[in-house]
Amino acid sequence: MEELRMIHRLKRKIETEYNAENASDLATALVNNGISEITDNIREKINFLQQICKNVTFDNYWFVALVANHSLEEIVNRYHLYIKYAGNILCDVDCLAFSSEKEAAYISLLTEHGLNHEQMASAMRMVVEHGSISKSEEDARRIIEELNIFGIADDIRNQFISDNADILFNDYAREAKQVFEWLCQKYGKEEGFVRLTENPEYIRFGINGMR
């Protein structure tokens with residue numbers, strides 16, 4: 001009961017100080033982390049996110065997660081990572097879900113598969129802009145390997161990755177293997193890849209969206 005009262009009090013304080021609505025999730029997360037007041041550290045994180053993000057709402061999952069669970073230094077580092085690849089000053093708050101650890105995993109993966117500097121920069125820009133919906137390293141590796149069904153040369157595969165990283169590495173694109181198999185069965189490997197190159201959105205739409 002005391003915890004609920006603390007959450008309610010903190011919620012009201014946040015909403016009053018920031019003229020905000022729906023601060024329940026943030027207040028709950030803070031209290032769960034042992035924070036019952038709007039400390040200077042919390043203010044610094046909120047103010048920084050309000051400066052660098054396009055739209056900040058206090059009930060946004062990633063806004064809550066960043067303020068409650070990450071240090072200001074880590075948030076700043078993630079923002080610098082975003083700028084490094086995207087080149088934009090303002091970002092969506094969920095772009096800050098992309099960590100330096102995930103960057104290192106993607107760089108290692110793309111380097112392993114032989115992407116050149118320009119191709120890697122293009123792919124990483126799209127991956128970082130995906131933020132919270134960029135695939136895990138394991139899923140990213142899997143979808144690259146699944147492209148091999150077309151029997152294409154590595155340089156052709158790598159250019160396709162560079163051009164279409166926004167679709168390939170989107171976590172919502174989960175039927176890639178079925179799409180690749182269907183294209184090969186219907187058109188053969190060579191023509192199937194040509195059709196995929198012309199219509200990479202097939203990866204996003206899945207089998208049902210192709211028929």
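What comes next concerns the included structure. Per-chain numbering applies: the sequence of each chain, read as written, is numbered from 1 onward. pLDDT decides what is reported in this predicted model: residues at 70 or higher carry local features, side-chain atom pairs at 80 or more are listed and counted, and totals for whole chains, interfaces and linings draw on all residues regardless. To get the side-chain values, all heavy atoms of the structure are used, and hydrogens and water are removed first.

Runs of E in the DSSP output that reach at least two residues are strands. Runs of H or I that reach at least four are helices, and both are numbered from the N terminus. Along the chain, His-113 turns up in the loop between helix H6 (100-112) and helix H7 (117-130). The exposure class of His-113 is buried, given its relative accessible area of 13%. Leaving out residues up to four positions away in the same chain, His-113 has contacts with Arg-141, Ile-144, Arg-157 and Asn-158. When a residue's accessible area, from a 1.4 Å probe over protein chains only, is under 20% of the maximum for its type it is buried; when over 50% it is exposed; and in between it is partly exposed. Here, two residues are considered to be in contact whenever any of their heavy atoms come within 4.5 Å of each other.

Here the focus is the packing of aromatic side chains. Here is the rule: rings of Phe, Tyr and Trp (six-membered ring for Trp) pair when centre to centre is within 6.5 Å. Planes less than 30 degrees apart are stacked, more than 60 are edge-to-face, and the remainder are tilted. Under the definition given, this model contains 10 aromatic pairs. Taking 5.5 Å as the distance between ring centres and 55° as the angle between the ring planes, the aromatic pair formed by Phe-150 and Phe-193 counts as tilted. One end of the pair, Phe-150, is in the loop between helix H8 (137-146) and helix H9 (154-168); the other, Phe-193, is in helix H11 (residues 189-198), and 43 residues separate them in sequence. Here Phe-150 matches Phe-193 in class, with each residue buried. Counting every residue linked through ring pairs, the aromatic cluster contains Phe-150, Phe-160, Phe-180 and Phe-193.

An expected span of 1.5 Å times one less than the residue number is assigned to each helix. Look at helix H1 (residues 2-17): 23 Å from first C-alpha to last across 16 residues, which is about the 22 Å you get at 1.5 Å a residue. Among the residues of H1, those classed as buried are Ile-7, Leu-10, Ile-14 and Glu-15. The buried residues of H1 all sit within an arc of 130° when viewed along its axis, so they share a single face. Two residues or fewer past H1, Asn-19 is found with a positive phi of approximately 50°. To be clear, the arc concerns the directions from the helix axis to the C-beta atoms.

Counted as salt bridges are all cases of a side-chain nitrogen of Lys or Arg within 4 Å of a carboxyl oxygen of Asp or Glu. Summed over all chains, the structure comprises 15 salt bridges. When the shortest N-O distance is used, the salt bridge between Glu-137 and Arg-141 registers 3.6 Å. Here Arg-141 and Glu-137 lie together in helix H8, a separation of four residues that amounts to about one turn. Judged by relative accessible area, which is 28%, Glu-137 ranks as partly exposed. Of the charged contacts, one joins Arg-174 and Asp-171 as a salt bridge, the two residues approaching to 2.9 Å between their closest N and O atoms.

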